[in-house]
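# Topology and contacts: notes
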Amino acid sequence: MERFMMFNDRTIDSFLVMQLADLAQTLARSRHWKVEFAAHSGVHPNRRILYVSQLWDGYPPPNKEAAMKSDVVLRLVGTYRHTDRLAVRSFRQTADPHPFSKLSKQLFTFAEDLRLETICEQERPGVKRWFRMRRRLYRHYFLQQWHANRTRGAWADQFLAAMYLRLTADSPLDDAPLAPMADETVQMRLETLWPQCFDVSSTAEVADWTWAVIDLMEGVLPQDMINTYTSLPIVEDEGKEAATTLQDLKRTDPLENSDVLSDADGEAKRQVLPTWHRETSRTGGSFLRFELERGSRTSMLGDGARPGGDHDQALAIVQGISRPTEKNEYGLEAQTVLSETPPFGSGAPYGEANRQAKLVLLPPSPPSPAHLVQYHAKQAVVAPYRKRLVRIMERWLERERSAWRTNLPAGRLRKQLVPFFTDERPRLFYKKGEPARRFDAVFGLLVDCSASMYDKMEETKTGLVLCHEVLKTLRVPHQIVGFWEDANEATASRQPNYLQLAVAFHRSLERSSGAAILQLEPHEDNRDGLAIRWMTEQLLKRPEAQKVLLVFSDGEPAAYGYEQNGIIDTHEAVVEARRRGIEVVNLFLGPGADDEQTRRTIENIYGRFRVFVPHAGELPDRLLPLLKMWLQKSL
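Residues numbered from 1 in each chain as written. Predicted model: local features only at pLDDT ≥ 70, side-chain atom pairs only at ≥ 80, totals over all residues. Heavy atoms only, no water.

Turning next to the side chain of Ser450. Residue placement: Ser450 occurs in the loop between β8 (441–448) and α13 (457–473). Here Ser450 falls in the buried class, since its relative accessible area comes to 1%. Side-chain polar atoms of Ser450 contact the side chain of Ser452, separated by 3.1 Å. Residues within four places of Ser450 in sequence aside, it is in contact with Phe483, Pro522, His523, Glu524, Asp525, Asn526 and Asp554. (Helix = DSSP H or I, 4+ residues; strand = E, 2+ residues; numbered from the N terminus. Buried < 20%, exposed > 50% of the residue type's maximum accessible area, 1.4 Å probe, protein only. Polar contact = N/O pair within 3.5 Å; in protein donor to acceptor, adjacent residues only side chain to side chain. Contact = heavy atoms within 4.5 Å.)

The next thing to look at is the packing of helix α4 (residues 101–123) against helix α5 (residues 128–152). Look at α4 against α5: their axes get within 10 Å of each other, and the N-to-C directions meet at 155 degrees. Taken together, the axes of α4 and α5 are roughly antiparallel relative to one another. Between α4 and α5 the crossing geometry is left-handed. Of the residues in α5, those touching α4 at Phe110, Asp113, Glu117, Cys120 and Glu121 are Lys128, Phe131, Arg134, Arg135, Tyr138 and Phe142. Class assignment of the residues belonging to the contact of α4 with α5 gives a composition of five nonpolar, no polar and six charged. (Axes fitted to C-alpha atoms, helices over the stretch in contact; angles between N-to-C directions. Parallel < 35°, antiparallel > 145°, perpendicular 65-115°, else oblique. Left-handed = near helix turned anticlockwise from the far one by under 90°. Nonpolar A, V, L, I, M, F, W, Y, C, P; charged D, E, K, R; others polar.)

This brings us to a nonpolar patch on the surface. A surface patch of nonpolar side chains, amounting to about 470 Å² of accessible area, comprises Leu413, Leu417, Phe420 and Phe421. By secondary structure assignment, the location of Leu413 is in strand β6 (residues 412–413). (Patch = residues over 30% accessible without salt bridge, like charges linked within 9 Å, V, L, I, M, F, W, Y side chains within 5 Å. Areas by Shrake-Rupley, 256 points an atom, 1.4 Å probe, with all protein chains shown as cover. Salt bridge = Lys/Arg side-chain N within 4 Å of Asp/Glu carboxyl O.)

We now examine the sheet that holds strand β2 (residues 42–44). Here we have three strands laid out as an open sheet, ordered β1-β3-β2, and mixed in their pairing. Two strands in the sheet have a free side with no partner beyond their single neighbour: β1 (34–38) and β2. Between one strand axis and the next, the sheet turns by 25 degrees as a mean value, whatever way the strands run. Note that β1 and strand β3 (residues 49–53) share five bridges and pair parallel. Looking at β3, one finds that Val35 is bridged to Leu50. Packed onto the sheet, helix α2 (residues 61–82) meets β1, β2 and β3 and runs at close to 140 degrees relative to β3. (Pairing = 2+ DSSP bridges.)

Now for the sheet that holds strand β13 (residues 610–613). Backbone-to-backbone hydrogen bonds pair the strands of a sheet. The strands run either parallel or antiparallel. The strand order across the open sheet built from seven strands is β4-β10-β9-β8-β11-β12-β13, with neighbouring strands paired in mixed fashion. Each end of this open sheet is capped by a strand with a single partner; those strands are β4 (357–362) and β13. Between one strand and the next, the sheet's axes are offset by a mean angle of 20 degrees, whatever the strand orientation. Judged from the six bridges that link them, β4 and strand β10 (residues 495–503) form a sheet pairing that is parallel. Among the inter-strand pairings, Leu361 is bridged to a residue of β10, identified as Leu499. Contacts from α13 reach β8, β9 (478–485), β10, β11 (546–553) and β12 (582–589), with the element oriented near 170 degrees to β8. Against the sheet, helix α16 (residues 596–606) contacts β11, β12 and β13, and its axis sits at roughly 155 degrees relative to β13.

Under the 1.5 Å per step criterion, the end-to-end length of helix α8 (residues 203–217) is 21 Å for 15 residues, consistent within 8% with the ideal 21 Å. All of the buried residues along α8 are Thr203, Val206, Ala207, Trp209, Thr210, Trp211, Val213, Ile214, Leu216 and Met217. In this fold, the buried residues of α8 make contact with α2, α3 (85–95), α4, α6 (155–167) and α7 (184–193). (Expected span 1.5 Å × (residues − 1).)

Our focus in this paragraph is the side chain of His44. If you trace the backbone, His44 turns up in strand β2. Looking at His44, its side chain comes within polar contact range of the main-chain nitrogen of Arg47, at 3.2 Å.

Further remarks concern the packing of aromatic side chains. Throughout the structure, instances matching the rule amount to 16 aromatic pairs. Between Trp56 and Tyr59, the ring centres sit 6.1 Å apart and the planes meet at 45 degrees, which makes this aromatic pair tilted. With a relative accessible area of 0%, Trp56 lands in the buried category. Considering the side-chain rings of Trp56 and Tyr138, the 5.1 Å spacing of their centres and the 70 degrees angle between planes classify their relative orientation as edge-to-face. Of this pair, Trp56 sits in the loop between β3 and α2 while Tyr138 sits in helix α5; the two residues are 82 residues apart in sequence, bridging distant segments of the chain. With a relative accessible area of 8%, Tyr138 lands in the buried category. (Phe/Tyr/Trp six-rings, centres within 6.5 Å; stacked < 30°, edge-to-face > 60°.)

Considering soluble globular proteins, one finds that nonpolar side chains tend to be buried as a cluster. Membership of the largest hydrophobic core comes to 80 residues, with the highest contact counts inside it found for Met163 and Trp209. With near-sequence residues (within four places) excluded, Trp209 lies in contact with Leu107, Ala111, Met163, Leu167, Leu193, Trp194, Gln196, Cys197 and Val200. Listed in part, the 47 residues of the second largest apolar core include Val447, Val465, Leu589 and Leu627. (Core = buried A, V, L, I, M, F, W, Y, C linked by side-chain atoms within 4.5 Å.)

Geometry only, nothing functional implied.
Here it is as structure tokens:
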């Protein structure tokens, strides 16, 4: 996918993320755990989210994979099961106001992680190689930090790096000076104190050891750490969320007066932030609601529905059921679809990543004369390919019908009886070929209508016309739908996704169908996982045995809040469709097919079921073998 400007364009290895998610769900024995990337590794027990550190992104793929998997094992096998949450919470409360808050928290986390690594290796011996790689990378990293912080004079950062190097040293020769800035007495006490870390057996003992070290170094270090290398392993934020409830957002205190102000007739006067109260007995537009202790009751904010209008301001607060505005770009049909779409509160039928997505189905409009002319021109271009495939399929059907099956244990007796005397178990029967049958198949074609398709849409339309003409000639029902997301209307609570129906199932075999394909145009973003799940629902409603979903796309999905999990969500949608008996194949168009990174991304999503077409002239030759294979399997 080509971009003009790229900010924080961090490439996500979707296959590795899926491995981490599968590993986490296997270790937790639950399908509800999710894996996300964060600055530091941690686990959120209540939300069932495991955070993998982004520190490993800069390492080679084998080292990166081993280190990330060690994060998953450490947090689920170690932290989630063997860390005392109450001890961590008590330590956090004590460390927050402490002058060496950063040093105490990070020293506690590293000491607790080293204790848990031993437990993980005992319970899961197969993870030892991951933890060996983890320690090797960490030792190399903190060795660099030790030299850098010694040069900068950051004594607290230097002390933490030296402590980790000392705790993970394999030989006494690898020891780094713990506190060269301290006097001899402190160094002797520290040399006696640091080995006690290997004797701790609980989270509370790790906390006691940490405070003993901090108390010793508090008089030596001039200030707290500058950098943050890790954080406490257990993430807890439910206390902040519980502090504000729904009732806190509503008025609970009654007004001091009980008078009622009647509604004013006529158009409301335009004022700046108008309200209603006894001191100014005037009415204005219902634009802003204050938490007033004095005022008059009105019926402006009731339980009834209020249709929106163009005059509403950005700060308007309207209580009730939302209704379509007076101006709708897509007409009454789209409004009907909006009202029939399940509300957001009914769950996430199209995936958790698409919980706030709103589906809008746009029916095909009558093609214009220009579209009819263009369609006839494309029909002429694909006519040779259509005739060739139809002729091949008809010959194959005729051969299947007329071919005799011989050497059978039952059927009609053939004339050649020599095997009866020569073979121990002779097969002397044959059967005539079955009569011709129609193709028991149905096709769904999804077209990426994002902005990146602007230079590939004409070639894509040519491929769609070819598929449509071939399937129509062979009497195979199919549906062609373009999809995109409106980036201008997308918000955190609502992301409208449009599905433009070019060819419907019930009209796909009509002689005049197909010209609406030319109405597909590039728009904004693309949310592939949502479109694939929707088309999967449509195909599952069909009675045909062979179901095929063909996705015309030029790259990875991109939509509002869909950057990190778009590849994973699309892959999950593809896997779900294949589990339900639908063959899903991606048809990649454009010069980006030669890019190795793009190829790997598409392969991570669709596996080996993908076709790369670098040039438009190759499109018919790539489509014909696929159509032939699927149609033959449907018989």
